[in-house]
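Close look at the chain arrangement
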Amino acid sequence: MRFAEDPRWDERVDEQLERIFRDALEQSTDIRIDPITGDLIVNSAGDLDIVRGEDAIFQQIMFRIRTVRGTYAIYPECGTELMAMAGAPNSEETGMEISDQILRALTHDGFIPASLLQIEMAPTGENEITGFIFVEGLTSALAMVMDLRTGEVTKFQKILITS
């Protein structure tokens, strides 16, 4: 039987991607950067600060959301086109478009399996929309605030998930 004919092929691929993500979560390490400016963060000893585990995953999520697709020279597919949303109405359709762009940025290369990801958008002001990004297996969610006048993400905040 060829893979394309196997009715469980997509399900098995999703299961494999989920396992790889969970394994990578424990080993994730990166240099800490400011999520809005992209500046490197230095710790109290004067060394570059390091993030690990969930914090490294959240930092990568923030980087992918804030990066304008096509501008990261070593990986042009990385990022979103949220800046193109400048001037968009604060509507359900706009929220769905933002959600779709974030979903693509986080899943197109297998970084986070789509089966582990949930994105919710809600209007929080006349020209402001807030997104909530949930990744199954993480202890926190990520909130992001976007200014629809400029198309810029102006704030990120981790939110502890309680049971």
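Look above for the structure.
Just so we're clear, the structure is a prediction, and the values are computed from it rather than from any experiment.

Below, the discussion takes up the pairing of strand E3 (residues 117-125). Pairing analysis gives eight bridges linking E3 to strand E4 (residues 128-135), with the strands arranged antiparallel. By the bridge assignment for E4, Ala122 is matched with Thr130. Connecting E3 to the next strand, E4, in antiparallel fashion are two residues.

Right, let's talk about helix H2 (residues 54-66) for a bit. The terminal C-alpha atoms of H2, which comprises 13 residues, lie 18 Å apart, in line with the 18 Å expected from a rise of 1.5 Å per residue. By the burial criterion, the buried members of H2 are Glu54, Ala56, Ile57, Phe58, Gln59, Ile61, Met62, Arg64 and Ile65.

What follows concerns the packing of aromatic side chains. Inspection of the entire model under this criterion finds one aromatic pair. Note on Phe63 and Tyr72: the rings are 5.1 Å apart at their centroids and 75° apart in plane angle, and the pair reads as edge-to-face. Phe63 sits in the partly exposed class, given a relative accessible area of 23%.

Rules behind the numbers
- Throughout, a residue's number is its position along its own chain's written sequence, starting from 1.
- Predicted model: local features are reported for residues with pLDDT of at least 70 only, side-chain atom pairs are reported and counted for 80 or more only, and whole-chain, interface and lining totals are derived from all residues.
- Hydrogens and water molecules were not included; the side-chain quantities draw on all heavy atoms of the structure.
- Two strands are counted as paired when DSSP detects at least two bridges linking them.
- Only DSSP runs of H or I reaching four residues or more are called helices, and only runs of E reaching two or more are called strands; each is numbered from the N terminus.
- By this rule, a helix spans an expected 1.5 Å times one less than how many residues it contains.
- Relative accessible area decides the class of each residue, using a 1.4 Å probe on protein chains only: under 20% of the type maximum gives buried, over 50% gives exposed, and in between gives partly exposed.
- Between the rings of Phe, Tyr and Trp (Trp by its six-membered ring), a pair exists once the centres lie within 6.5 Å; its type follows the angle of the planes, with under 30 degrees stacked, over 60 edge-to-face, and the other angles tilted.

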